[in-house]
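One letter stands for each residue in the lines below.
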Amino acid sequence: MERFKVLVMQHIHADGLAVLRNGNCDYVIPERLDDRAAIAELAREADAILVRTAVIDRELIESISNLKVIARHGAGVDNIDAKAAAERGIYVCNTPYANSNSVAEHAVGMMIAISHQMFKGDIALRKGDFEARNRYIGTELHGKTLGIIGLGNIGRRVARKCALGMEMNVIAYDPFITGDSGIDDVRMVDSVHKLVSESDFVSLHIPYVPDLHHIIDRATLALMKKSSFLINCARGGLVDEDALYEALKAGQIAGAAMDVFEQEPPPSQHPLWELDNIIVTPHMSAHTDDAMIAMAVGAAEEIVRILHNEPPISCTNKNLMKSLEVQP
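Residues numbered from 1 in each chain as written. Predicted model: local features only at pLDDT ≥ 70, side-chain atom pairs only at ≥ 80, totals over all residues. Heavy atoms only, no water.

## Description of the sheet that holds strand 10 (residues 229-232)
Inference 1: Pairing is parallel across the open sheet formed by seven strands, whose spatial order is 8-7-6-9-10-11-12. A single partner strand is all that each edge strand has here, and the edge strands are strand 8 (186-188) and strand 12 (278-280). Within the sheet, the average angular offset between the axes of one strand and its neighbour, ignoring direction, is 15°.
Inference 2: In this fold helix 7 (residues 153-165) packs onto strand 6 (145-149), strand 7 (169-173) and strand 8, with an angle of close to 170° to the strand it touches most, strand 6.
Inference 3: Helix 10 (residues 241-249) contacts strand 10, strand 11 (255-258) and strand 12 of the sheet and is inclined by roughly 145° relative to strand 11. (Pairing = 2+ DSSP bridges. Helix = DSSP H or I, 4+ residues; strand = E, 2+ residues; numbered from the N terminus. Axes fitted to C-alpha atoms, helices over the stretch in contact; angles between N-to-C directions. Contact = heavy atoms within 4.5 Å.)

Right under this line is the structure:
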């Protein structure tokens, strides 16, 4: 039986590797992501690439003669040149549902942590300052307005958790949705500016595309309430970090919680680190055991499916292929 070659760009859960082995796939994992020559050599005869956060650019795609599919371990595909892949009839697939609950829980957890001043209390108590309990007075989520930008798989989960579990008022804006939200207790608004001006919490759940670069900028931050909080578990390029620093330092908004950054890893001396009204995590909102297994298995299953001449379940560049009149 034919054996296939798969380049697994970064380590994934063992369950995903088992799916590849059981699907007649031999895989290789590069020792270093920054050694482009070594990666190109490993990829030269690959039938498939399974990728997490590494960049799969046109140069690499065009250097692989047998490539049939690039499978993303996660939902976002902004690290893959989908047009270059489409031009060569290569499927770009993702796992859109695998990490949605993990990211949604992380976003809600960040809302609670920043509004209840948990991190400040933690740091103070470790220093023996029990009286900090009288200085750090939190804000409840109950009855507050949550504005969600992006009502996809993750945004919808956040909306339901907060509307039903926290009894929040939920409004949403999505540049890709017109009409009703389709979710009980979620009201759509027609602009980002309207959403942020009404919200006590603003949570981002949209993909990064150039048209949405710095959708949260100085002008947008200036419209937010002084008591409001910004949460970003989506993509770093959506927020102007210089403008956010200025807004937080000036008390223009109450706080922020960020899991993603424009540059990753972010610089060790990032200005945001100076502030105590922001909490940060290292792009880990999808990193639960449950989600890591689901992403690894889902991406591997797409690869096996396509290499065995079955149609993909979640192909993100099919429309590009159609527009280019390219057949996989």
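From this point, the discussion proceeds with the structure in view.
## With respect to the UniProt feature "domain: D-isomer specific 2-hydroxyacid dehydrogenase NAD-binding" (unreviewed entry) in the protein chain
Inference 1: Mapped onto the present numbering, the UniProt feature "domain: D-isomer specific 2-hydroxyacid dehydrogenase NAD-binding" (unreviewed entry) falls at residues 108-285.
Inference 2: Annotated as 29% helix and 16% strand, the span residues 108-285 places its first and last C-alpha atoms 11 Å apart. (UniProt positions renumbered as here; feature names shortened; annotations may be inferred.)

## What to know about helix 5 (residues 100-115)
Inference 1: A rise of 1.5 Å per residue sets the reference length of helix 5, with its 16 residues, at 22 Å; its end C-alpha atoms lie 23 Å apart and thus fit the reference within 8%.
Inference 2: Burial analysis of helix 5 places twelve of its 16 residues in the buried class, which makes it a mostly covered element.
Inference 3: Among the residues of helix 5, those classed as buried are Ser100, Ser102, Val103, Ala104, His106, Ala107, Val108, Met110, Met111, Ala113, Ile114 and Ser115.
Inference 4: Looking one or two residues beyond helix 5, the residue adopting positive phi is glutamine 117, at roughly 55°. (Expected span 1.5 Å × (residues − 1). Buried < 20%, exposed > 50% of the residue type's maximum accessible area, 1.4 Å probe, protein only.)

## A few points about the nonpolar core
Inference 1: Among the nonpolar cores identified, the biggest contains 33 residues, and Met111, Leu146, Ile148, Leu151, Val158 and Ile231 are the most heavily contacted of them.
Inference 2: Looking at this core, the elements that each hand over two or more residues are helix 5, strand 6, helix 7, strand 7, strand 8, strand 10 and helix 11 (289-307).
Inference 3: Broken down by element, the residue count for this core peaks at eight residues, all from helix 5.
Inference 4: In contact with methionine 111, not counting residues within four places along its chain, are Leu141, Leu146, Val158, Cys162, Phe201, Ser203 and Ile231.
Inference 5: By size, the runner-up hydrophobic cluster in this structure holds 31 residues, among which are Val202, Leu230, Leu244 and Ala256. (Core = buried A, V, L, I, M, F, W, Y, C linked by side-chain atoms within 4.5 Å.)

## So, the packing of helix 1 (residues 14-22) against helix 11
Inference 1: Running from N to C, helix 1 and helix 11 cross one another at 15°; their axes reach a closest spacing of 7 Å. Regarding the angle of helix 1 to helix 11, the classification is roughly parallel. For the crossing formed where helix 1 meets helix 11, the hand is right-handed. Within the contact between the two elements, helix 1 uses Asp15, Gly16, Val19 and Leu20 and helix 11 uses Ile293, Ala296, Val297, Ala300, Glu301, Ile303 and Val304.
Inference 2: Considering only residue class, the contact of helix 1 with helix 11 consists of eight nonpolar, one polar and two charged. (Parallel < 35°, antiparallel > 145°, perpendicular 65-115°, else oblique. Left-handed = near helix turned anticlockwise from the far one by under 90°. Nonpolar A, V, L, I, M, F, W, Y, C, P; charged D, E, K, R; others polar.)

## A word on the pattern of salt bridges
Inference 1: Counted by the stated rule, this structure contains 20 salt bridges.
Inference 2: Between aspartate 240 and arginine 218 there is a salt bridge whose closest N-O contact spans 3.5 Å. With aspartate 240 in the loop between strand 10 and helix 10 and arginine 218 in helix 9 (residues 218-223), this residue pair connects regions lying 22 residues apart in the sequence.
Inference 3: In this structure aspartate 240 comes out as buried when scored by relative accessible area, which is 11%.
Inference 4: The salt bridge partner of arginine 218 is glutamate 246, with a shortest N-O separation of 2.8 Å. Of this pair, arginine 218 sits in helix 9 while glutamate 246 sits in helix 10, and the two are 28 residues apart along the sequence.
Inference 5: Through salt bridges that share partners, Arg58, Glu62, Asp81, Lys83 and Glu87 make up one connected network. (Salt bridge = Lys/Arg side-chain N within 4 Å of Asp/Glu carboxyl O.)

## Focus on the packing of aromatic side chains
Inference 1: Under the defined criterion, the tally for this structure stands at two aromatic pairs.
Inference 2: The interplanar angle of 20° and the centroid separation of 5.2 Å between the aromatic rings of phenylalanine 201 and phenylalanine 229 together place this pair among those described as stacked. With phenylalanine 201 in strand 9 (residues 201-204) and phenylalanine 229 in strand 10, this residue pair connects regions lying 28 residues apart in the sequence.
Inference 3: The exposure class of phenylalanine 229 is buried, given its relative accessible area of 6%.
Inference 4: Judged by centre distance (5.6 Å) and plane angle (85°), the rings of phenylalanine 261 and tryptophan 273 are edge-to-face. Remark: tryptophan 273 occurs in the loop between strand 11 and strand 12 and phenylalanine 261 occurs in the loop between strand 11 and strand 12; sequence separation between them is twelve residues.
Inference 5: Among the residues examined, tryptophan 273 registers a relative accessible area of 35% and is labelled partly exposed.
Inference 6: Arginine 135 extends its terminal NZ or CZ atom over the ring of tyrosine 136, reaching a point 5.3 Å from the ring centre. (Phe/Tyr/Trp six-rings, centres within 6.5 Å; stacked < 30°, edge-to-face > 60°. Lys NZ or Arg CZ within 6 Å of the ring centre and 35° of its normal.)

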